[in-house]
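Geometric and topological summary
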Amino acid sequence: GGGCRCAKERGVGPRGVGGVPSNRDGEGIHRLDVLALAAEIASVGWSDSEVGKAICCAISPLDKGVEAFNVKLSYGPGMAEVAPNSIHYGSLACSHTNFVLRCIAGGVASDDEFLADHGCMSVSKLAQRDPAFADVVATGLSWKVLRWEVRHLYPLALPFIHQSRPIASTTCRLLPSPH
């Protein structure tokens, strides 16, 4: 019992949200998927309606496991570094999109014509072409945020949410024309 366990929040910056270890059975976010998604969004333009179901769970103040998982995910080229004590939420849906925002905010190496300036992703270059996309890099997605207690009170709920959310977005990806 007792009260709502979630709230809608805007202003959770992308650098404060990381992937969760339950993502893809512990594999997490893949760098090539993030870079491909970044290029796809940059070429067609930002759409708030495509990320309308962003959901994350606050991380317990004593839990350092999610941040450690994200440090591991972010190791190597093409992913934004994780600053110490920066991950306060774990994404359950829109994880790859948030990682795109993290990479742009972090200025990771890129040669994408729509995103990069002098070999790095650039918010200022992005703002010239797609101000809405640049704005969400700064402000973050509009997240439905579950309280951190949910992770402990309902341990099966988060993997269920995580696994069920990407179905619609992955089935709607553009496929090459058979003609």
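Residues numbered from 1 in each chain as written. Predicted model: local features only at pLDDT ≥ 70, side-chain atom pairs only at ≥ 80, totals over all residues. Heavy atoms only, no water.

Remarks on the overall build of the chain
The helix and strand inventory of the chain stands at eight helices and seven strands. Of all 179 residues assigned to the chain, the portion counted as buried reaches 42%. Counted over contacts in the chain with a minimum sequence separation of 6, partners at least 24 positions apart contribute 78%. (Helix = DSSP H or I, 4+ residues; strand = E, 2+ residues; numbered from the N terminus. Buried < 20%, exposed > 50% of the residue type's maximum accessible area, 1.4 Å probe, protein only. Contact = heavy atoms within 4.5 Å.)

Topic: the packing of aromatic side chains
Under the criterion given, the structure shown has one aromatic pair. Arranged with centres 5.2 Å apart and planes meeting at 20°, the rings of Trp-46 and Phe-133 form a pair that is stacked. With Trp-46 in the loop between α1 (31–44) and β3 (55–58) and Phe-133 in helix α5 (residues 131–139), this residue pair connects regions lying 87 residues apart in the sequence. Both residues of the pair, Trp-46 and Phe-133, belong to the buried class. Sitting above the plane of the Phe-99 ring, Arg-102 keeps its charged end 5.3 Å from the centroid. (Phe/Tyr/Trp six-rings, centres within 6.5 Å; stacked < 30°, edge-to-face > 60°. Lys NZ or Arg CZ within 6 Å of the ring centre and 35° of its normal.)

Considering helix α3 (residues 95–106)
Compared with an ideal rise of 1.5 Å per residue, which puts twelve residues at 16 Å, α3 spans 16 Å between its outermost C-alpha atoms and is within 8% of the ideal. Burial analysis of α3 places ten of its twelve residues in the buried class, which makes it a mostly covered element. Along α3, the residues that are buried comprise Ser-95, His-96, Thr-97, Asn-98, Phe-99, Val-100, Leu-101, Arg-102, Cys-103 and Ile-104. (Expected span 1.5 Å × (residues − 1).)

Considering the pairing of strand β4 (residues 89–93)
The buried count for β4 comes to five of five residues, which makes it a mostly enclosed element. Examined bridge by bridge, strand β2 (residues 17–19) and β4 share three bridges and lie parallel to one another. Bridge assignment links Val-17 to a residue of β4, and that residue is Tyr-89. In terms of strand pairing, β3 meets β4 through four bridges, oriented antiparallel. Pairing of Ala-58 across the sheet is with Tyr-89, part of β4. (Pairing = 2+ DSSP bridges.)

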